[in-house]
Amino acid sequence: MFDRMRSVIWVTLAVAICAGYFGAGDSMYRMAIGLDPGAFPLGPLLQSVALSIEPNLTRTVAGAVWMVLWLGVAGIVGFVLVRGKVRQRAALADPARRSFLTGAALGSLAGFGAAAVAGIAAAVNALFGIGRSGDGWAGVGRGIGADVVKTHPEWKSVWKDSHISGHRRFGRTGWNVSDIVLGTGQIKSGPDGERIARLAIERGINYFDTSPDYSGAGSENLMGQAIRGVRDQLFIATKFCTPTGHLAAGSSVSHYMSAVEASLKRLRTDYVDLCHVHAVDSVERLMDENVHEAFDRLKQQGKVRFMGFSTHTPNLIEVVNAGIDSGKFDVMMVAYHHGIWPALPQLIERARKEQDMGVVAMKTLKGAKHHGLAGFQTEANAYSQAALRWVLSNPNVSAAVISFFELQHVDEYLAASGTQLTADDMSILKKYDQSIAGTHCAPHCGRCLDSCPEELQIHDVLRHRMYFEDYGREKEAMRLYANLDVKASVCATCSAPCQGSCPLGIAIPERTSGAHEMLSAG
């Protein structure tokens, strides 16, 4: 009989370890990344239930729910198995002695013990990364707090009190916009972020770009506070988005409209000047009939004035051509920096001449190597200023958007406004290119994709690695990587037919394998 009880205990431990490590541990790990509800089973349903209880909820609850459920499974299994064995033994010893409470005490003890074992197994997986590459979240937690250089190493006195000194016609919108646009994708929540935004506006920026999925609607909420009293002086752009991501092709007209109306509430305004179909990766999503019908209705209601699209994917050329040919878009926002798509300047010119579109350059810092700018400290100009001047040297570019998230950025970035590209700037850009040679996927051109038999999205893997090691955006990088259907772990057993396919000479197998180790567990 003792042997049988021992067998029950071993089974209980085995179930607890499996439920903890593979169930609760995976949920804990993904929850720490900050994934949206769609990354978890029944995530959207669980989120909607949670929001009905707590309307101000900003975090995904599905990860926590599944983690607790897996721990509960371990506890219930422990309780049922041990209590059942105790009751069985009691019945054999005294058939007349049957009670509902028989074995309840030992069963409860076993249940709590099993749940505790499951919790330890979950921590082994998620926090310490045993069974995963790297240190798990314990290691990442230590690393995220480390100081990283995100701006020019020196806040030069010559930049102090910089103002916007250049404006350009924004295509057929008729606006004259500041040549530097306030990007809010990384702006800090709270008083510091509002102070940055207000100072940038006071210094002459009259155009800012935001989105519901920037900081889980935090960007729109912050900018709604920052523009109080000056709304009519500003050109405001947002996206057809929700706080958890982009709206897919085929979304209903009402869904598109409600997303924009939610943005208006967060921005505390009756209208936005521009709404983009955001991060467009296909002509299908660009030309979705429902988004265009939604825009027409919103425009008729006075809630949106102009329509645009943004893109920075391998399909950029196809998307841009389709957008220009359609004649439906007033603005396009494209990834544009020194050394990117050779055909892009011609397309930008075509957009201006054929459709009189406003053109905004984004990703202007070429994936700025934030961790490695110390070598530029002796330069008279910042790398950011050289990069902005290069973009604005194209007369067909209406404005350049760049993320502001430190007070220094107001001085540093605005010092480039209205100024000309110089030989010193070109020298800085050349020096920067040399510093990232062989590591940075500059154009995200997608030429390597056909060479991969596993259909790994190589360009996305390298971009997420860039976010992690060069931007200091570890959690965001891990969240995006976790959403990829195919992970770079496939590279470990691959014969590497992608080697040599990159026009920039990137050693793809080495970079992707390293990215998997970095992004899977920090």
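Everything discussed here concerns the structure shown above.
Since we're looking at a predicted model, the values are computed, not measured.

**Student:** Any details on the sheet that holds strand β5 (residues 235–239)? Residues and values, ideally.
**Tutor:** Judged by pairing direction, the barrel is parallel, and its 8 strands sit side by side in the order β3-β4-β5-β8-β9-β10-β11-β12 before closing back on the first. On average, each strand axis in the sheet is inclined to that of its neighbour by 30°, with strand direction left out of account. Pairing of β5 with strand β8 (residues 272–277) involves 3 bridges; the strand directions are parallel. Bridge pairing links Thr238 to Cys275 in β8. Sheet strands in contact with helix α12 (residues 344–355) are β10 (331–335) and β11 (358–362), and its direction is about 170° off that of β10. Strands in contact with helix α13 (residues 383–392) are β3 (180–183), β11 and β12 (399–403); relative to β12, the strand with the most contacts, it is inclined by about 155°.

**Student:** Let's hear about the nonpolar core: which residues, and what values?
**Tutor:** Met223, Phe240, Phe309, Met332, Tyr336, Leu344 and Phe404 are the most contacted members of the largest nonpolar core, which totals 76 residues. Excluding residues that lie within four positions of it along the chain, Phe309 makes contacts with His276, Val277, Val280, Leu286, Val319, Val320, Gly323, Phe329, Val331, Met332, Met333 and Met357.

**Student:** Please provide a residue-by-residue account of the packing of aromatic side chains, values included.
**Tutor:** Under the definition given, this model contains 10 aromatic pairs. With centroids separated by 6.4 Å and ring planes inclined at 15°, the aromatic side chains of Phe235 and Phe306 adopt a geometry described as stacked. A residue pair is termed long-range when its members are at least 10 positions apart, and Phe235 in strand β5 and Phe306 in strand β9 (residues 304–311) qualify at 71 residues. Exposure remark for Phe306: the relative accessible area of 11% places this residue in the buried category. On the numbers, 5.2 Å between centres and 50° between planes, the contact of Tyr336 with Trp390 is tilted. Within this pair, whereas Tyr336 is found in the loop between β10 and α12, its partner Trp390 is found in helix α13, the two being separated by 54 residues in sequence. In this structure Tyr336 comes out as buried when scored by relative accessible area, which is 5%. In textbook terms, an aromatic cluster arises when at least three aromatic residues are bridged by ring pairs, as seen for Phe170, Trp175, Tyr207, Phe235 and Phe306. Of note, Lys160 hangs over the ring of Trp155, and the distance from its end group to the ring centre comes to 5.3 Å. Geometry around Tyr271 places Arg231 over its ring, the cationic atom sitting 4.0 Å from the centre.

**Student:** Help me get a handle on the side chain of Arg203, residues and values and all.
**Tutor:** Relative to the helices and strands, Arg203 resides in the loop between α6 (191–202) and β4 (207–209). Taking relative accessible area as the criterion, Arg203 reaches 11% and is therefore assigned buried. Contact partners of Arg203, with chain neighbours within four places excluded, come to Asp161, Ser162, His163, Ile164, Val410, Asp411 and Leu414.

**Student:** Would you mind going over the packing of α6 against helix α7 (residues 218–226) in detail, with residue names and values included?
**Tutor:** Look at α6 against α7: their axes get within 9 Å of each other, and the N-to-C directions meet at 55°. By the angle between their directions, the pair α6 and α7 is classed as oblique. The crossing of α6 and α7 is right-handed. Here α6 contributes Gly193, Glu194, Ala197, Arg198 and Ile201 to the contact with α7, which in turn contributes Leu222, Met223, Gln225 and Ala226. Looking at side-chain class alone, the contact of α6 with α7 contains 5 nonpolar, 2 polar and 2 charged residues.

**Student:** Please provide a residue-by-residue account of the pattern of salt bridges, values included.
**Tutor:** On inspection of all chains with the given rule, the structure shows 17 salt bridges. Note that Arg203 is salt-bridged to Asp161, the shortest N-O span being 3.6 Å. Residue Arg203 is located in the loop between α6 and β4, and its partner Asp161 is located in the loop between α5 (136–144) and β1 (167–169); the two are separated by 42 residues in the primary sequence. We note a salt bridge from Glu220 to Arg266, for which the minimum N-O separation is 2.6 Å. On the criterion of sequence distance, the pair formed by Glu220 in helix α7 and Arg266 in helix α8 (residues 253–267) is long-range, its members being 46 residues apart.

**Student:** Kindly report on unusual backbone geometry, identifying the contributing residues and their values.
**Tutor:** Positive phi, normally seen in glycine, also occurs at Asp161, with a value near 65°. One non-glycine residue, Asp356, lies in the positive phi region at around 50°. Following the sequence through the fold, Asp356 ends up in the loop between α12 and β11. Taking the relative accessible area as the measure of exposure, Asp356 reaches 23% and is therefore partly exposed.

Reading the values: the criteria
Residues numbered from 1 in each chain as written. Predicted model: local features only at pLDDT ≥ 70, side-chain atom pairs only at ≥ 80, totals over all residues. Heavy atoms only, no water. Pairing = 2+ DSSP bridges. Helix = DSSP H or I, 4+ residues; strand = E, 2+ residues; numbered from the N terminus. Axes fitted to C-alpha atoms, helices over the stretch in contact; angles between N-to-C directions. Contact = heavy atoms within 4.5 Å. Core = buried A, V, L, I, M, F, W, Y, C linked by side-chain atoms within 4.5 Å. Buried < 20%, exposed > 50% of the residue type's maximum accessible area, 1.4 Å probe, protein only. Phe/Tyr/Trp six-rings, centres within 6.5 Å; stacked < 30°, edge-to-face > 60°. Lys NZ or Arg CZ within 6 Å of the ring centre and 35° of its normal. Parallel < 35°, antiparallel > 145°, perpendicular 65-115°, else oblique. Left-handed = near helix turned anticlockwise from the far one by under 90°. Nonpolar A, V, L, I, M, F, W, Y, C, P; charged D, E, K, R; others polar. Salt bridge = Lys/Arg side-chain N within 4 Å of Asp/Glu carboxyl O.

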